Amino acid sequence: MDNHEQWREAVSAYADGECDQAERAAVEAHLSECADCRQWLEQLQSDQEVFTETLMGRPADILDSVMKRVTEMSAKHEQPVARRKPMTVRRFVEAFAVVAVCAVLVSVLFPVFSRSKAKAPEALRPTAGLERKITKLEELPESAGEPLYRPSLLAERVAGPELRPKVDVVTSLPPPPAEPRAEPEALFAEARAKPTDRVVVTAGATTGIEPGGPEGLNFGARRPVQLAYDAAIEVWVKRLQEAVVTAEKTFYERGGFVLNSKMVQVETIRQPRVAEITGKVPKEEVSNTINDLAALGWVAQRELMGEDLTDAYTDTTRAITLTKEKLNKLDQERKKAGEAGHGAG
Amino acid sequence: MPISYRDEQMVRRTLQGDNGAYAKLVRTHQTRVIAAAHHLCGDFEAAQDIAQEAFIQAYQSLAKLNEPGKFAAWLHGIVRNMARKHLARNRPQELSLERDRITEPSTAPTEDHTDTVLVLQTLPLEHREVLAARYLQEMDYQEIAQMLGITANNARVRCFRAKQALRTALAGAGGDASG
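Residues numbered from 1 in each chain as written. Chains lettered and ligands numbered in written order. Predicted model: local features only at pLDDT ≥ 70, side-chain atom pairs only at ≥ 80, totals over all residues.

A closer look at the overall build of chain B
For clarity, the cut-off: We count a stretch as a helix when DSSP gives it H or I for four or more residues in a row; a strand needs E for two or more, and each element gets its number in order from the N terminus. The burial label depends on the number of other C-beta atoms within 10 Å of a residue's C-beta. Counts of 20 or more mean buried, 12 or fewer mean exposed, and intermediate counts mean partly exposed, with C-beta atoms placed from the backbone. Throughout, a residue-residue contact means that the two C-beta atoms, derived from backbone geometry, are no farther apart than 7 Å.
Helix and strand content of chain B: 9 helices and 0 strands. Each helix (α) and strand (β) of chain B, taken in turn from the N terminus, gives the series α-α-α-α-α-α-α-α-α. Counting the 179 residues in chain B, one finds 45% classified as buried. Considering only residue pairs separated by 6 or more positions, chain B has 66% of its internal contacts joining residues 24 or more positions apart.

Structure, rendered in structure tokens:
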């Protein structure tokens, strides 16, 4: 690279953290020799500061106005839903199986609907759309199947919050440990003095389903609610590599495992390096894991979220039961056929 | 700093019907989005409208987002398109730049601040787009290339040209004239 303009372009990419290892080494070697390019690098950093401070230094809050419209759209059922993939042969087979399962579910749902329609108080009455659905269902012959709990079918259509699944968050984060940590001001001062040392670790911990968890009111009945937890923490640390290794070790020590560990931004000049680690730990270790990770440095953000998986859990359980019943039936028929064959022989 | 993991989680939850998650996305990104829209269209009031519409459009089209972790880059693409439409509807720009000086006292920028905004407005739109993407949304070259429909190498060159133009504009406005 002899052309000076090319060097300036390479320095620009270097400042953006977009050079590969070889180019980065070349740029660093060049910077140690070329005062002009060193000045260019400093100007790039200073211009970026002026640019972002000028444009982002003016407060404005559109959250309320956006969320007001989002809420209106939700009320009109205009909320986004996961996009469907094009239907392949395999998906068609799966879809057919789902339709078959749904047909069974509809027939066993019927007794539940008829009872709730007759006895539900005014506040718990289904909406007009559901009334129409019930009328159609009533035309079907009644099935002898056991009453089925399908909140996913009802939650969106039934009026009144009483029928929606209620989630009790049973895990909360205890207060942070009492050990002294590095003062944020000291870290900031150090970061200003040497920006490449400012690094960030983000880690998430997810629990599995918690069978037999707390009961919640669901479609008028108390059911065990199946909960999963997601926790996230963002920690600013002084030495990234060391923090990453410690964080990964924490997952193993807490009885979990690391799903993904990656460097998001490598070797930039102006911005901190970032590592993202995602792992899973048992439910009872979520708080401890988060506290262990918090001890790595200065905590910028942390969050604990519970998710109600009761619908998915019930659907899956029901699908397994149906499949087992079908398998048993087929097995019996096969045996009968075998016996008939032996009898004929 | 955009945290892709967090964005991914929030997008996933929004698609499951959790509007609170979308509120978190708006809170996280609104300052950068308004700043980008302001830089692109040159009018702070219009920038807030553009940002609001962009968030609404993003909400409606969220299911089309293939990589939820890249929410920020995708949202910036929407802002860019809206700002372009705004510019096409509202020429000449001089009027909007004047309007930019009339704001509420609580959020009114200082005279120096407004002057710098006006200096940034002298840059050609193609440079403004690249600078907003790189410096405000912290998009990498690959994301910028995708947004502009060019190669990553071309995005690198465009970033370089835009930074050169920014240096010239700031130096001409009485800033550091060296270089």
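Here the narrative resumes.
Considerations on the overall build of chain A
Helices and strands together make up the secondary structure of chain A, namely 11 helices and 7 strands. Looking at the 345 residues of chain A, the share that counts as buried comes to 24%. When contacts within chain A are restricted to residue pairs at least 6 apart in sequence, those whose partners lie at least 24 apart make up 74%.

Remarks on the interface of chain A and chain B
What counts here: Gly is placed with the polar residues, together with every amino acid not listed as nonpolar (Ala, Val, Leu, Ile, Met, Phe, Trp, Tyr, Cys and Pro) or charged (Asp, Glu, Lys and Arg).
Taken together, the contact pairs 46 residues of chain A with 55 residues of chain B. When residues of the side of chain A that touches chain B are traced back to their parent elements, those giving at least two are α1 (4–15), α3 (35–56), α4 (63–75), β1 (199–206), β4 (227–237) and β6 (273–280) of chain A. It is α3(A) that provides the largest number of residues to the side of chain A that touches chain B, a total of 13 residues. The residue inventory of the side of chain A that touches chain B, partitioned by class, reads 20 nonpolar, 15 polar and 11 charged.

Remarks on the nonpolar core
The line we're drawing: Among buried residues, those of type Ala, Val, Leu, Ile, Met, Phe, Trp, Tyr and Cys that are joined through C-beta atoms within 7 Å form a set called a nonpolar core.
With 51 residues, the main nonpolar core has Ala37(B), Ile50(B), Ala51(B), Ala54(B) and Val79(B) as its most contacted residues. The element that contributes the greatest number of residues to this core is helix α2 (residues 19–41) of chain B, accounting for 10 residues. If sequence neighbours within four positions are ignored, Ala37(B) has contacts with Ala47(B), Ile50(B), Ala51(B), Val79(B) and Ala83(B). Counting residues in each nonpolar core, the second largest holds 21 residues, with Val274(A), Ala275(A), Val286(A) and Leu296(A) among its members.

Focus: unusual backbone geometry
Residue and element names in this part refer to chain B. Positive phi, close to 55°, is recorded for Glu138, a residue that is not glycine. Summarising the element assignment, Glu138 is placed in the loop between α7 (125–136) and α8 (141–148). Taking the C-beta count within 10 Å as the criterion, Glu138 has 19 such neighbours and is therefore assigned partly exposed.

Some thoughts on helix α3 (residues 44–60) of chain B
Spelled out, the test is: An expected span of 1.5 Å times one less than the residue number is assigned to each helix.
Between the first and last C-alpha of α3(B) there are 24 Å, a value that for 17 residues agrees with the 24 Å anticipated at 1.5 Å per step. Among all positions in α3(B), only Phe44(B), Ala46(B), Ala47(B), Ile50(B), Ala51(B), Gln52(B), Ala54(B), Phe55(B), Ala58(B) and Tyr59(B) are buried.

Side note on the confidence of the model for chain A
Interpretation of this model should avoid reading the predicted coordinates in detail wherever pLDDT is low. All names here are of chain A. Rules: A score from 0 to 100, pLDDT tells how confident the predictor is in each residue.
A residue-level look at chain A finds 52% of positions with pLDDT of 70 or above and a mean pLDDT of 65. Here residues 194–199 scores under 50 on pLDDT; set against residues more than four positions off or in separate chains, the count is 12 contacts. A low-confidence stretch, residues 207–211 (pLDDT under 50), is modelled with 15 contacts involving residues beyond four sequence positions or located in other chains.

As for the packing of α1(A) against helix α2 (residues 21–33) of chain A
Residue and element names in this part refer to chain A. Put simply, the rule is: Every axis in this analysis is a line fitted to C-alpha atoms, fitted for helices over the stretch in contact. Angles between the N-to-C directions lie between 0 and 180 degrees. Should the near helix be turned anticlockwise from the far one by less than a right angle, the crossing is left-handed, and should it be turned clockwise, the crossing is right-handed.
Where α1 contacts α2, the two axes come as close as 10 Å, and the packing angle between them is 115°. Crossing geometry of α1 relative to α2 is assigned as left-handed. In this structure, α1 contributes Trp7, Ala10, Val11 and Tyr14 to the contact, and α2 contributes Glu23, Arg24, Val27 and His30. For the contact of α1 with α2, a count of residues per class yields 5 nonpolar, 1 polar and 2 charged.

Quick word on the confidence of the model for chain B
The share of residues in chain B with pLDDT of 70 or more is 81%, and the mean pLDDT across the chain is 80. Prediction confidence for the complex, expressed as pTM and ipTM, is 0.50 and 0.80 respectively.

Here we look at the packing of α1(A) against helix α9 (residues 152–172) of chain B
Quick note on the threshold: Just so you know how the angles are binned, under 35 degrees is roughly parallel, over 145 roughly antiparallel, 65 to 115 roughly perpendicular, and the rest oblique.
Across the interface, α1(A) lies against α9(B) with an axial gap of 9 Å and an inter-helix angle of 100°. Taken together, the axes of α1(A) and α9(B) lie roughly perpendicular to each other. Where α1(A) approaches α9(B), its residues Glu9(A), Ser12(A) and Ala13(A) are matched on the opposing element by Arg156(B), Val157(B), Cys159(B), Phe160(B) and Lys163(B). Here the contact of α1(A) with α9(B) is built from residues that sort into 4 nonpolar, 1 polar and 3 charged.

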